[in-house]
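Working through the structure, step by step
Each chain, letter by letter, is given below.
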Amino acid sequence: MATAPTIAVLATLDTKGAEADFIRQQLEGLGCGVLFVDIGVVDPPTVDPHLTRDQVADAAGTSMQSVLENPTRQEASDVMIRGASALMQAMVAQGTIDGVIGLGGTQGTPNCTAIMRSLPYGFPKIMVSTMASGDVGAFVDIKDITMMFSVADILGLNPLTRRILANAAGAAHGMAKASARVQAAPDERKVIGMTNLGVLTDGAMKAMAMLEDRGYEVIVFHAVGSGGRAMEQLMRERVIHGVFDYAMGEISDELFGGFRAADAHRLTVAGGLGLPQVICPGGAEHIGLFVEPNTIPDEWEGWM
């Protein structure tokens, strides 16, 4: 990373130009470069983008003219997500950007975070959103997105929004300056992914110690659905080199309707990638359910 990091600002610059420009001023004051990515489609941008909406649409394999011929929100969003994702993935790979800040509400938040989810683990991702005070699972999913509640609507500058946006700029600057890496260098220790649940922690700690004694680093994932899926995504990204799948609660919940269910790909990714995999059926005998204490749902009566 260069001494002066460059932060991408992802927003609909027709409606959030003033706010994006304020973030630019804050970032430049901290010594950062700024790159505006326009994902708006309706009115002209109120600040000049570095990556225009036309370039974003082109990267999605279409054109802005085609998008506007028969516009629907869903189709326009799909184009802007695909195009911006492709452009930003290329910039991350080239090392030309060091972090991203997104601005959005009910439409901008899912669009910006979909783009962020396409970017690697460890790359700084900050979403300033009116939606960040509720259930953000659909926005974050299994990626390391930092959600920042905007408190007020992102519609004009005022004493509150200026401070919130300044905080976001400061956070992005600090994250971009951090030196730790997710990807290990070729000469560094291999990484083992391991799943765990609270009822298994004693055994997990012993397994970690044994693996570390043999020269491995261990990343432990809480097996609550998102944890196992994140572990398998890190396998795809070649961060994890082998797997000790110790917590099977995600599998039980997938089969029997618990809240920690993973997905249909769970347990298949390591084999598909040719990675060493050991499966131990820890915690497979219980299901995660949201029920009143000391009660059994009707459908499970008679199983005990």
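1. Looking at the nonpolar core
Ranked by internal contacts, the top residues of the largest apolar core, which has 33 residues, are Leu10, Val37, Met88, Ile97, Val100 and Met147. Those elements that place two or more of their residues in this core are strand 1 (6-11), strand 2 (33-38), helix 2 (53-59), helix 3 (64-69), helix 4 (73-94), helix 5 (108-117) and helix 6 (137-140). With seven residues, helix 4 is the largest single contributor of residues to this core. For Val100, the contacting residues outside a window of four places in its chain are Ile7, Ala8, Leu10, Met88, Met116, Leu119, Phe123, Pro124, Lys125 and Ile126.

2. Description of the packing of aromatic side chains
Per the counting criterion, the structure on display carries two aromatic pairs. Relative to Tyr246, the ring of Phe244 lies with its centre 5.4 Å away and its plane at 15 degrees, an arrangement referred to as stacked. The buried category is assigned to Phe244, whose relative accessible area is 17%. Judged by its relative accessible area of 14%, Tyr246 falls in the buried class.

3. Section: the sheet that holds strand 2
An order of 2-1-3-4-5 is seen for the five strands of this open sheet, with the pairing classed as parallel. Each edge of the open sheet carries a strand with a single partner, namely strand 2 and strand 5 (146-149). Put simply, the sheet's adjacent strands are angled 20 degrees from each other on average, direction ignored. When strand 1 meets strand 2, the two strands line up parallel, connected through six bridges. By the bridge assignment for strand 2, Ala11 is matched with Asp38. Most of the contacts of helix 5 go to strand 4 (residues 125-129), to which it runs at about 175 degrees, and overall it touches strand 1, strand 3 (99-104), strand 4 and strand 5.

Rules behind the numbers
- Residues numbered from 1 in each chain as written.
- Predicted model: local features only at pLDDT ≥ 70, side-chain atom pairs only at ≥ 80, totals over all residues.
- Heavy atoms only, no water.
- Core = buried A, V, L, I, M, F, W, Y, C linked by side-chain atoms within 4.5 Å.
- Buried < 20%, exposed > 50% of the residue type's maximum accessible area, 1.4 Å probe, protein only.
- Helix = DSSP H or I, 4+ residues; strand = E, 2+ residues; numbered from the N terminus.
- Contact = heavy atoms within 4.5 Å.
- Phe/Tyr/Trp six-rings, centres within 6.5 Å; stacked < 30°, edge-to-face > 60°.
- Pairing = 2+ DSSP bridges.
- Axes fitted to C-alpha atoms, helices over the stretch in contact; angles between N-to-C directions.

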